Amino acid sequence: MNLHQTVVREAEQAFAAAGIAGAPVVLQPAKSADFGDFQINGVMGAAKKAQQNPRELAQKVADALADNAVIQSAEVAGPGFINLRLNPEFLAQNIQTALADPRLGVAETADKKTVVIDYSSPNLAKEMHVGHLRSSIIGDSISRVLEFMGNTVIRQNHVGDWGTQFGMLVAYLVEQQQADTEFKLSDLEQFYRAAKVRFDEDPAFADTAREYVVKLQGGDEKVLALWKQFVEISLSHAQAVYDTLGLKLTPADVAGESMYNDDLQAVVDDLTAKGLAVEDDGAKVVFLDEFKNKDGEAAAFIVQKKGGGFLYASTDLACVRYRVGKLGGQRLLYVVDHRQALHFEQLFTTSRKAGYLPENVEAQFIGFGTMMGKDGKPFKTRSGDTVKLVDLLDEAVERATALVKSKNPDLADDEAANIGHTVGIAAVKYADLSKNRTSDYVFDWDAMLSFEGNTAPYLQYAYTRVQSVFKKAGEWDTAAPLTLTEPLEKQLAVELLKFEDVLNSVADTAYPHYLAAYLYQVATLFSRFYEACPILKAEGQVSNTRLQLAKLTGDILQQGLDLLGIDTLDVM
Ligand code: ARG
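Nothing here was measured: the structure is a model prediction, and the numbers come from that model.

Student: Would you take a moment to explain the overall build of the protein for this structure?
Tutor: Across its full length, the protein carries 20 helices and 13 strands. Taking the principal axes of its C-alpha atoms as reference, the protein extends roughly 80 × 70 × 40 Å. Counting only residues that meet the buried cut, the protein has 54% of its 572 residues in that class. For the protein, long-range pairs separated by at least 24 residues make up 71% of all intrachain contacts whose partners lie at least 6 apart in sequence. Summing over all exposed atoms, the protein offers an accessible surface of approximately 25700 Å²; the carbon and sulfur share of this is 49%.

Student: Looking at this model, I keep getting lost on the pairing of strand β9 (residues 298–304). Mind explaining?
Tutor: The two faces of the sheet receive side chains in turn, since in a regular strand these alternate between them. The pairing of strand β8 (residues 283–292) with β9 spans 6 bridges and is antiparallel. Its bridge partner lying in β9, Leu288 is registered against Ala299. If you look at the hairpin formed by β8 and β9, you'll find 5 residues sitting between the two strands, and Gly296 has a positive phi there, around 80°.

Student: Got a minute to help me understand the site of the ligand in this structure?
Tutor: Contacts to the ligand come from Asp118, Ser121, Asn123, His158, Tyr312, Asp316, Tyr334, Val336, Gln340 and Phe344. At 2.8 Å, a side-chain N or O of Tyr312 approaches a nitrogen atom of the ligand. Computed on the free molecule, the ligand has an accessible area of 350 Å², of which 86% lies beneath the protein chains in the complex. Here the ligand occupies the second largest pocket.

Student: Explain helix α4 (residues 88–99) here, please?
Tutor: Working note: α-helix, 3.6 residues per turn, so residues spaced by three or four point in the same direction. With 12 residues, α4 ought to run about 16 Å at 1.5 Å a step, and its terminal C-alpha atoms sit 16 Å apart, in line with that. On its buried face, α4 sits against α1 (3–17), β3 (71–77), β4 (81–86), α17 (487–496) and α20 (540–563).

Student: Help me understand the nonpolar core, please; the structure alone is not making it clear to me.
Tutor: Nonpolar side chains tend to gather and get buried jointly when the protein is soluble and globular. Of all hydrophobic cores here, the largest spans 134 residues; its most connected members are Ile82, Leu84, Leu86, Leu392 and Leu515. Among residues more than four places away in sequence, those in contact with Ile82 are Phe38, Gln39, Ile40, Val43, Ala58, Val61, Ala62, Leu65, Ala74, Glu75 and Val76. Listed in part, the 32 residues of the second largest apolar core include Val268, Leu271, Tyr334 and Val361.

Student: Would you mind going over the layout of surface pockets with me for this structure?
Tutor: Sizing a probe to match a water molecule and rolling it over the atoms shows the empty space that remains. Of the pockets and cavities examined, the largest pocket occupies roughly 850 Å³. Around the largest pocket, the lining comprises 32 residues; the ones closest to its centre are Gly163, Thr164, Val213, Lys305 and Phe310. Of all the secondary-structure elements, those providing two or more residues to the lining of the largest pocket are α6 (164–175), α7 (185–201), α8 (203–218) and α11 (312–325). Of all the elements, α8 adds the most residues to the lining of the largest pocket, at 6 residues. Roughly 700 Å³ of volume is contained in the second largest pocket. Taken together, 32 residues form the lining of the second largest pocket, with His129, Gly131, His132, Asp337 and Arg339 sitting closest to its centre. Counting residues per element, the lining of the second largest pocket draws most heavily on strand β10 (residues 331–337), at 4 residues. Among the residues making up the lining of the second largest pocket, the classes are represented as 12 nonpolar, 13 polar and 7 charged.

Student: Any chance you could explain the packing of aromatic side chains here in plain terms?
Tutor: The geometry of an aromatic ring pair is captured by the separation of the ring centres together with the interplanar angle, meaning the angle of the planes. All told, the structure shown has 19 aromatic pairs when counted by the stated rule. A centroid spacing of 5.1 Å and a plane angle of 75° characterise the contact between Trp162 and Trp227, whose relative ring orientation is edge-to-face. Of this pair, Trp162 sits in the loop between β6 (152–156) and α6 while Trp227 sits in helix α9 (residues 221–245), and the two are 65 residues apart along the sequence. Aromatic side chains Phe344 and Phe348 sit 6.0 Å apart centroid to centroid with 50° between the ring planes, which places their arrangement in the tilted category. Linking Phe344 with Phe348, this pair stays in helix α12 (residues 341–354), spanning 4 residues, or about one helical turn. Of the aromatic side chains, those joined through ring pairs into one cluster are Phe166, Tyr172, Phe183, Phe191 and Phe230.

Student: Explanation requested: the environment of Ala240 in the structure shown.
Tutor: In this fold, Ala240 is placed in helix α9. Put simply, Ala240 and Val390 are 150 residues apart on the chain and 9.2 Å apart in space, counted from C-alpha to C-alpha.

Student: Looking at this structure, I do not really get the sheet that holds strand β2 (residues 38–41). What am I missing?
Tutor: Hydrogen bonds between backbone atoms are what pair the strands of a sheet, whose relative direction is either parallel or antiparallel. Strands sit in the order β1-β2-β4-β3 across an open sheet of 4 strands; the sheet is antiparallel. The open sheet terminates on both sides in strands that have one partner only, identified here as β1 (26–29) and β3. Going across the sheet, the axis of each strand differs from the next one's by a mean of 25°, ignoring polarity. Packed on one face of the sheet, helix α3 (residues 54–65) meets β2, β3 and β4 and runs near 175° to β3.

Student: Can you walk me through the pairing of β3 in this structure?
Tutor: In this structure, β3 lies alongside β4, joined through 6 bridges in antiparallel fashion. Within β4, the position partnered with Ala77 by the bridge is Phe81. Taking the residues between adjacent antiparallel strands as the criterion, β3 and β4 are bridged by 3 residues, where Gly78 takes a positive phi near 55°.

Student: Got a minute to help me understand helix α10 (residues 264–273) in this structure?
Tutor: Among the residues of α10, those classed as buried are Leu264, Val267, Val268 and Leu271. Taken around the axis of α10, the buried residues stretch over an arc of 95°, which confines them to a single face. Remark: Gly275 follows α10 within two positions and exhibits a positive phi of approximately 80°.

Student: What am I meant to see in the packing of helix α16 (residues 456–473) against α20 here?
Tutor: Packed helix pairs are specified by the crossing angle of their axes together with the interaxial distance, meaning the distance between the axes. Running from N to C, α16 and α20 cross one another at 140°; their axes reach a closest spacing of 10 Å. Regarding the angle of α16 to α20, the classification is oblique. Seen from above, α16 lies across α20 with left-handed handedness. On α20, the residues that touch Leu459, Ala462, Tyr463, Val466, Gln467, Val469, Phe470 and Ala473 of α16 are Leu547, Ala550, Lys551, Thr553, Gly554, Leu557, Gln558 and Leu561.

Student: Sorry, what's going on with the side chain of Asp555 here?
Tutor: Mapping Asp555 onto the fold places it in helix α20. You can call Asp555 buried: its relative accessible area is 19%. Contacts of Asp555, omitting those with residues within four sequence positions, involve Leu99 and Leu104.

The rules behind these values
Residues numbered from 1 in each chain as written. Predicted model: local features only at pLDDT ≥ 70, side-chain atom pairs only at ≥ 80, totals over all residues. Heavy atoms only, no water. Helix = DSSP H or I, 4+ residues; strand = E, 2+ residues; numbered from the N terminus. Buried < 20%, exposed > 50% of the residue type's maximum accessible area, 1.4 Å probe, protein only. Contact = heavy atoms within 4.5 Å. Areas by Shrake-Rupley, 256 points an atom, 1.4 Å probe, with all protein chains shown as cover. Pairing = 2+ DSSP bridges. Near = heavy atom within 4 Å. Polar contact = N/O pair within 3.5 Å; in protein donor to acceptor, adjacent residues only side chain to side chain. 1 Å grid on protein atoms, 1.4 Å probe; cavity = no way out; pocket = protein on both sides within 12 Å on 5 of 7 lines; lining within 4 Å. Sits in = over half its atoms within 2 Å of the grid points. Expected span 1.5 Å × (residues − 1). Core = buried A, V, L, I, M, F, W, Y, C linked by side-chain atoms within 4.5 Å. Points joined across faces, edges and corners; volume = space filled by probe spheres on them. Nonpolar A, V, L, I, M, F, W, Y, C, P; charged D, E, K, R; others polar. Phe/Tyr/Trp six-rings, centres within 6.5 Å; stacked < 30°, edge-to-face > 60°. Axes fitted to C-alpha atoms, helices over the stretch in contact; angles between N-to-C directions. Arc of directions from axis to C-beta. Parallel < 35°, antiparallel > 145°, perpendicular 65-115°, else oblique. Left-handed = near helix turned anticlockwise from the far one by under 90°.

Take a look at the structure:
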């Protein structure tokens, strides 16, 4: 159920009854449970407009609200706020409905869309490193929520498989006379490093590398065959990382830059024909008045280089056309490092002007900050190298396994390893997803593996606590009507009924941390409820009501964590 909307509708009716129909209702959670469940704001503004006394007007609204099917009581507080308590029967009924529903009472969105979401999208030919982590896990969570809300989600892994790095690699292998040998990922890594050194030190080598890029993009068979080998090795490595992380990405979602090669000239020609791209010093450029540089000149969005080469921007333009035209995307999301914000703004603006992005298609840049070390600098190894993703994930699993063993020394090794894997991966993902993605965040092993605070282990443990209740509960009636009497029973019920509201806001804003904060709140409330309200020691109806609240808590924790891409455990 959409709790927020339901309460807002009640308030709107009361506003109308009090003579301020149409004034905006601002509904917030109560400042503290002592005041009730929600607080209505907005009366003060309406009173000012209507030149009425805010307190008196608020009283009229409160009188109109009190004692109906949804609201138990409405009290005026301060100069024009109204504190609301929800009707326990209304809560009980909706908890029962949610329990009987495999979707836990969450309706699909009325406005379903085909959403194309671009995430992970590493540049190939190098091993995946920590810089690829955020896009991969943030994008995955957003895609899960959108799918759960009933949208058609098309995942696109826009891998960088077409740039200079491949020319460099080919040039290096030819120079080393190794172009005919088979190689593995570790070779590729080493070739890449060596090739980069050659590229930077020797201009002749750099020219050769660029020639190979031209050959590659022109379809030279020998170069293509080598390129294919590089790409396949890199992609199978990336897929292994995705599988370890438990991401939804599959090989079928790979739609790399190379895919758009044949379309690039057509796009530039089209932009030129439409008068958008113009010649500028040999290059083809779209001048955008919307983006002025510091001298007040229109920004140049270069779509073709002098000499005919194409760029990142050319590919992305072709890509927008494809995602809208061929994939039928109605909403395009790009989960990319915030340093690329300007590129995407310019891309969207150009695409709108060119008609690739019609007005009814939304395009959103879902930016995120940098993962920092505890020293406040971008996360690196002690020697200052970039950290490989496989190493980071191995360390997470190792640390979590040791932690699990220390808490539970009797655990068999394989079981500890299993739990350690689930907890370790969860800790890394949750540490990221629980923070506002737009900020930088500090990667801190101790904090993310703590059993206290807003962490994966805390939430996973809360889930196992709920499960342990049911192990001891025996037979109970899952469908009996609930009677909510204790304040903490009510408070937990209200929170559980906010699940749909929260998922809607994640789907709209693409901020997974709203969901994380919600789950943390559910787990915290459950733990207070669990202390204050004995479940199994209570009698009949009381025990049954508490079991139902516990059941829905467990179901919501599990479903919610799954939407963050995090697994639960029955014991840990
Ligand atoms: N491969 C790019 C990078 O590593 C990210 C691609 C993002 N997606 C896109 N359509 N441009 O920076």
